[in-house]
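Residue strings, one per chain:
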Amino acid sequence: MKVVVQRVKKASVSIDDNLYSSIGKGLLVLFGVEKGDEFESAKWLADKLLKLRIFEDENDKMNFSVKDIGGEILVVSQFTLAGDCKKGTRPSFDGAENPKRAQIIYEDFCKLLNESIPVKTGVFGAMMEVSLVNDGPVTFVLEKTN
């Protein structure tokens, strides 16, 4: 399981040129599920994400989490994070989880986060336009394997 976490001033998801969801200051999380990923990995990543201290304090040190600053989270499913580009020039998605199972894990991940902080989402499997104003920029990749 892999997530790309971006600290943002704002972010949004549009579908068919219609705004679907948006957040202010907080985290944009791109979420990918790989074959064999389990609920425990989603739980670990949700906990890590909520505690990740990537917002600056009064001394410009990364000491605050998204919860500490009262920020928001936008989670967008992105199966391409499971893509493998090691061979050739066309990514292989053999490592991506089956969509039905991936959707269940994605929804469980969002529910876990939503227990602590309001979460907005995109639409699983939809073609989405994601817009953001990156704050920093500050971007991290978190991975958890079983």
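The structure contained in this document is the topic of the report that follows. (Residues numbered from 1 in each chain as written. Predicted model: local features only at pLDDT ≥ 70, side-chain atom pairs only at ≥ 80, totals over all residues. Heavy atoms only, no water.)

### Some thoughts on the side chain of Ser-21
Put simply, the rule reads: Counting from the N terminus, the helices are the DSSP runs of H or I reaching at least four residues and the strands are the DSSP runs of E reaching at least two. Side-chain atoms alone can form a polar contact between residues adjacent in sequence; in general such a contact is a pair of N or O atoms within 3.5 Å, and within protein one must be able to donate a hydrogen while the other accepts it. Here, two residues are considered to be in contact whenever any of their heavy atoms come within 4.5 Å of each other.
With respect to the helices and strands, the residue Ser-21 is situated in strand β2 (residues 18-23). There is a polar contact of 2.7 Å between the side chain of Ser-21 and the backbone oxygen of Thr-121. The contact partners of Ser-21, leaving out residues within four places of it in the chain, are Ala-11, Ser-12, Val-13, Leu-74, Lys-120 and Thr-121.

### Details of the packing of aromatic side chains
Each pair of aromatic rings is reported with the distance of its centres and the angle of its planes. Operational definition: When the centres of two rings from Phe, Tyr and Trp lie within 6.5 Å, Trp using its six-membered ring, the rings pair. Their planes under 30 degrees apart give stacked, over 60 give edge-to-face, and anything left gives tilted. Buried means the residue's accessible area, taken with a 1.4 Å probe over protein chains only, is under 20% of the maximum for its type, while exposed means over 50%, and partly exposed covers the values in between. Any Lys NZ or Arg CZ that is within 6 Å of a ring centre and within 35 degrees of that ring's normal is treated as a charge sitting over the ring.
With the rule as written, the count across this model stands at 4 aromatic pairs. Judged by centre distance (6.0 Å) and plane angle (50°), the ring pair of Phe-31 and Tyr-106 falls under tilted. Of the two residues, Phe-31 is situated in strand β3 (residues 26-32) and Tyr-106 in helix α2 (residues 99-114); the sequence distance between them amounts to 75 residues. Across this residue pair, the class does not change: Phe-31 and Tyr-106 are buried. Judged by its relative accessible area of 4%, Tyr-106 falls in the buried class. Ring pairing ties together the aromatic residues Phe-31, Tyr-106, Phe-109 and Phe-124, which thus form one cluster. One cation-aromatic arrangement involves Lys-144 over Trp-44; the distance from NZ or CZ to the ring centre is 5.2 Å.

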